[in-house]
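Listed below, chain by chain, are the residues.
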Amino acid sequence: MDPDWSTEEIASLNVGLEELYPTEGLSWTKVKEILKVDLKSHILADLEHRWPQESPDLILQHIYQHQANSRETEDESKDPADAQPSKSAAVEVTYSSNSDSWETEDKSKDSAGAQPSKSAAVEVTYSSDSDSWETEDEPKDPAGAQPSKSAAVEALPLLPVPGDVSQPGDKLCDVCAALSLEPRRFVVLPGDKEWNQLSQPDDDVISLDKVEDMRKKTGCPMCRLVLVAIGGSKVPTHEDADPVCVTLSWNTDGPLPDPRAPWSHRPEIRILRPYVRKQSGGFISKRLNLFPEITLLANDSPTDSTIYFVRPISLDKIDFTVVRRWLALCDARHGKACRRNPVLKELKRSHPTKEVPSFRCIDVEQNCVVILPSACRYAALSYVWGRKKFFATLTTNVKDLEEPQSLSKPEYLDQIPPTIKDAIHVTKEIGFRYLWVDNLCIVQNDPDQKSQTIKTMDLVYSAADLVIVAAGSVDAYAGISGCHIGTRGPRQPIEELAPGFRLAFKERWQDGIDNAAYYTRAWTFQETHFATRSLVFIDGKVVFRCQGVDVWQENVFEAPDEIKGQLSGRGAYEGDDIGEFEGLIQTYSERVLSYEEDIYSAFAGVSRQIMFRFDTDLCHGIPTVCFDWFLLWGPLSDQVRRVTAPSWSWAGWRGGSFPRIWDWYNRSIQRIKKAIRKRTWIIWYQRATGSIDCRLLVRHAKDEDTDGASALKANKNFYGSRVGRRFDMDCSKREPTKVVLEGLNPPTYTEDILSNHKGSGFLQFWTVSLTLQLAEPTSSNEDLGPAHKRHRLGIFGRGGRELGTVSVHQPWLESNPLLPQEREFILLCEGRDKRAEGGRIDDEEGWRYMALLIEWRGENGARAAMGSIDGGKPMYAERVALGSIGKEDLKEALGDGPVWKEIILG
């Protein structure tokens, strides 16, 4: 399917949604929270606008479809042998100490076998005493890519079934007994309708019961399991006095014939999917588990295959043998992408020992802090500090901490918070020697070293061989659950329906994200963004993620395609996708900061990547290479002004921002750069900090500063293209006037460390200003986004006709409650409110003037609807909200009509 769906296609999908995919029951809010961890944010935003209330099963399919970007999949008739190992396959991988290459031998290839046996093994052996880090200019040391020095990777054993999966008096209720469940129903065999067919939508819905009645049937193991799978105690019995009901549907799981099409698998097992909805129809608003699946416990498989079934996990604590197996498999099978982060080569970065002064790590063997030996491999900890201060390396104790066994001394050991202690324990368990932890490896009261290291967080985390993510730890004192006996948490959800027949809920690690502070924090965003490989600890469990596989979990066997590291490709727009950069900005903007002045520091690493890939400078977080169109971001949630940054930037607001050029125009950067040249007219200047001087914004990363006089050519716009006559007025004034604002006591914004050409954050420019009226809208609301408290207002002109709409935040409307009211708008550029039909994005139809509602600030911060930078008391303006009007609607301006006006925007 083409990702540029038309309005008709979207409407058709929405109308037929429940009929085609009757798997309702999970709130879209929950889907949003989970998907933003695993998928690019621009895809999430697209779905949020298209399907705010729809079935998560169909949403998931379209997510994958969107990622594929119309790419053709391989012929379904092809069944490559290497995609489906035989039932008795054993893959042996050995490392030769005299060679830099891995020797891989498939002991048996059986194109017919898609089901590895219960005793299948993957063996990996190697021997080395080196921890060196592979660089482009150093001899390769493959052993250095394998942290556990002597791992033999055997098949995961089937652990015994816990003894408490059945309870005295357990018996299926009449409803569940009528399902006629048995082990055979959970496997797909020759002759079954699904055999050798690609995955299909869910089967017909099976009604179970009301949640309220199911809770009463405490002796029914199936009712208990279904309720746990949906969300346990979070599942409400009623919503708005309407009973909540549970349904089931059958689906399948199995290997991926084409890793580029992860929505399409070859059925090998069957799964049950439980969902909830109100009795009267429709979804409930409560956040519940995402896409829950119930299937057979692997121990009870009626065939040799155990893959895709649920594996029992260790009861008392995390089994680090499993973790070492994941690392060894990744080392042996996933190639260079998992051994050295491609970002380092792309950004021409080296190892931190070469770029970061006194780069320290914890030596977990010597129990002390050390200067990391050159090019050594290390793990890095990503965690939430919390509000409570804790022990750190200082200039007064750094020498003591560098003494062997110093961290074992009571005076230091007792002060190290549990999360860091547990990270050290994890590092030892998985066979690493060095661990980087910010508070112990940066001398916290050395401002020069601290500043230099913070600016290289992208390097620290991208060069780490592994990032240990303490996602379930609320702060440094919480510890990492599951690392020690008795800290696992709730038992694995397994229920016995009959002797030798047990079903289990296939838990997903993302289900714990709702309560994880980690995924709300700004600083942690770039730490996981740059990770090549990571261990994520959450809810007493651990999962492994790398460049070759999305996730390995303790409760599921690794699939053959995952062992080979066959992740899906990035899509048809690879390397030319504006959404890649917009998605990074959007995701970060949703995160929370403890200190508002960190807004740029916590984004510094990601911003360098954007600047390099996009060949752009950044002005307070806005890419200048397409500056006008990046100013057209909108709120994704209810926002509050962040006064430490300018209002025209997403950085000036707390709450998610939605840059959406990819949505209303096109994903292709090359097309965007060409189109913007004919749709803009403003010459963008930024005022220097503490000065009346202005400098022309710099568009490209390596461009030099200019005062604009020499670079500015007559009849050319900011992008160097000739500007035709667009407005019926004198628009010849374009250079900034010398204006003193200091008498107003304007704010000083956070230093723009993201830019190569820093400025005050106050833009100064000429454009069209017009007065229009705000009133209650006469048009219908077409907002399909997430729920919010913003208020939609109509924009009206001289003739009383609604020209457009604007969505203002509730606090602003409370300060300006009287409607109708006259307000000033300024035109930023041409743009679209929505994507053009039929891909005709450059046709004139649909292009509008993007109009920014502004509010003026005078002495002592006084607010005014109208203002000017002229006269004895100049003022500056701030952004309120963005709307649009038709290109023919300038004549509708009130008062003296549209005027060419100089603006200072802060």
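Use the structure listed above.
In this text, all values refer to a predicted model and were calculated from it rather than measured experimentally.

A. Expanded view of the pairing of strand β9 (residues 360–363). As judged from the four bridges shared by β9 and strand β10 (residues 368–371), these two strands associate in the antiparallel manner. Residue Cys-361 lies in a different strand from β10, and its bridge partner there is Val-370. Linkage of β9 to β10, two consecutive antiparallel strands, is achieved through a turn of four residues, within which Asn-367 is found at a positive phi near 55°. Across two bridges, the pairing between β9 and strand β12 (residues 434–436) is antiparallel. Residue Asp-363 lies in a different strand from β12, and its bridge partner there is Tyr-434.

B. Expanded view of the packing of aromatic side chains. All chains considered together, the criterion is met by 34 aromatic pairs. Where Tyr-518 meets Tyr-519, the ring centres are 5.1 Å apart and the plane angle is 80°; that geometry is what we call edge-to-face. For Tyr-519, a relative accessible area of 9% puts it in the buried group. Aromatic side chains Phe-727 and Tyr-849 sit 5.5 Å apart centroid to centroid with 45° between the ring planes, which places their arrangement in the tilted category.

C. Molecular detail of the pattern of salt bridges. Scanning the model with the defined rule gives 54 salt bridges in all. A salt bridge links Arg-641 to Glu-878; its shortest N-O distance comes to 3.6 Å. Here Arg-641, found in strand β22 (residues 640–641), pairs with Glu-878, found in strand β33 (residues 876–886); they are 237 residues apart in sequence, far enough to count as distant. Residue class for Arg-641 comes out buried when judged on its relative accessible area of 17%. Given the relative accessible area of 9%, Glu-878 is considered buried. Among the ionic pairs, Asp-728 bridges to Arg-725, the shortest N-O distance being 3.4 Å. Its relative accessible area of 73% is what places Asp-728 among the exposed residues. Residues joined by salt bridges that share partners form a network here, namely Asp-164, Asp-170, Arg-224, Arg-491 and Glu-495.

D. Representation of helix α9 (residues 320–333) within the structure. Along its 14 residues, α9 runs 20 Å from first to last C-alpha, staying within 8% of the 20 Å computed at 1.5 Å per residue. The element α9 is largely enclosed, with a buried count of twelve among its 14 residues. Residues of α9 that are buried: Phe-320, Val-322, Val-323, Arg-325, Trp-326, Leu-327, Ala-328, Leu-329, Cys-330, Asp-331, Ala-332 and Arg-333. Put simply, Asp-319 is the residue that caps the front of α9, since its side-chain oxygen is 3.0 Å from the backbone nitrogen of Thr-321. Phi for Gly-335, located one or two positions after α9, is positive at around 80°.

E. Highlighting the sheet that holds strand β16 (residues 534–538). Pairing is mixed across the open sheet formed by eight strands, whose spatial order is β10-β9-β12-β11-β13-β16-β17-β18. Looking at which strands have only one partner, the edges of the open sheet turn out to be β10 and β18 (552–553). Packed onto the sheet, α9 meets β13 (466–469), β16, β17 (541–545) and β18 and runs at close to 5° relative to β17.

F. Summary view of a negative patch on the surface. Taken together, the side chains of Asp-400, Glu-403, Glu-411 and Asp-414 present a region of like negative charge at the surface. With respect to the secondary-structure elements, Glu-411 resides in helix α13 (residues 410–413). The partly exposed category is assigned to Glu-411, whose relative accessible area is 46%.

G. Representation of the environment of Ser-779. The topology assignment puts Ser-779 in the loop between β27 (763–775) and β28 (791–796). A sequence separation of 23 residues divides Ser-779 from Glu-802, and the C-alpha atoms of the two residues are 7.8 Å apart. A polar atom in the side chain of Ser-779 sits 2.6 Å from the side chain of Arg-792. Within the local environment of Ser-779, its side chain forms a polar contact with the side chain of Glu-802, the two groups lying 2.5 Å apart.

H. Structural view of the nonpolar core. Tyr-378, Trp-436, Phe-627 and Trp-629 are the most contacted members of the largest nonpolar core, which has 226 residues in total. One finds Val-165, Leu-297, Val-310 and Ala-504 within the second-largest nonpolar core, a separate group that totals five residues.

I. Up close: the packing of helix α20 (residues 578–589) against helix α21 (residues 604–614). Remark: α20 packs on α21, axes separated minimally by 11 Å, with the N-to-C direction vectors making an angle of 165°. Between α20 and α21, the crossing angle belongs to the class labelled roughly antiparallel. For the pair α20 and α21, the crossing hand works out as left-handed. Contacts between α20 and α21 involve Ile-578, Glu-580, Phe-581, Leu-584 and Ile-585 from the former and Val-606, Gln-609, Ile-610, Arg-613 and Phe-614 from the latter. Classifying every residue of the contact of α20 with α21 by side-chain character gives seven nonpolar, one polar and two charged.

Reading the values: rules and limits
Residues numbered from 1 in each chain as written. Predicted model: local features only at pLDDT ≥ 70, side-chain atom pairs only at ≥ 80, totals over all residues. Heavy atoms only, no water. Pairing = 2+ DSSP bridges. Helix = DSSP H or I, 4+ residues; strand = E, 2+ residues; numbered from the N terminus. Phe/Tyr/Trp six-rings, centres within 6.5 Å; stacked < 30°, edge-to-face > 60°. Buried < 20%, exposed > 50% of the residue type's maximum accessible area, 1.4 Å probe, protein only. Salt bridge = Lys/Arg side-chain N within 4 Å of Asp/Glu carboxyl O. Expected span 1.5 Å × (residues − 1). Polar contact = N/O pair within 3.5 Å; in protein donor to acceptor, adjacent residues only side chain to side chain. Contact = heavy atoms within 4.5 Å. Axes fitted to C-alpha atoms, helices over the stretch in contact; angles between N-to-C directions. Patch = residues over 30% accessible without salt bridge, like charges linked within 9 Å, V, L, I, M, F, W, Y side chains within 5 Å. Areas by Shrake-Rupley, 256 points an atom, 1.4 Å probe, with all protein chains shown as cover. Lys, Arg positive; Asp, Glu negative; His and termini not counted. Charge placed at Lys NZ, Arg CZ, Asp CG, Glu CD. Core = buried A, V, L, I, M, F, W, Y, C linked by side-chain atoms within 4.5 Å. Parallel < 35°, antiparallel > 145°, perpendicular 65-115°, else oblique. Left-handed = near helix turned anticlockwise from the far one by under 90°. Nonpolar A, V, L, I, M, F, W, Y, C, P; charged D, E, K, R; others polar.

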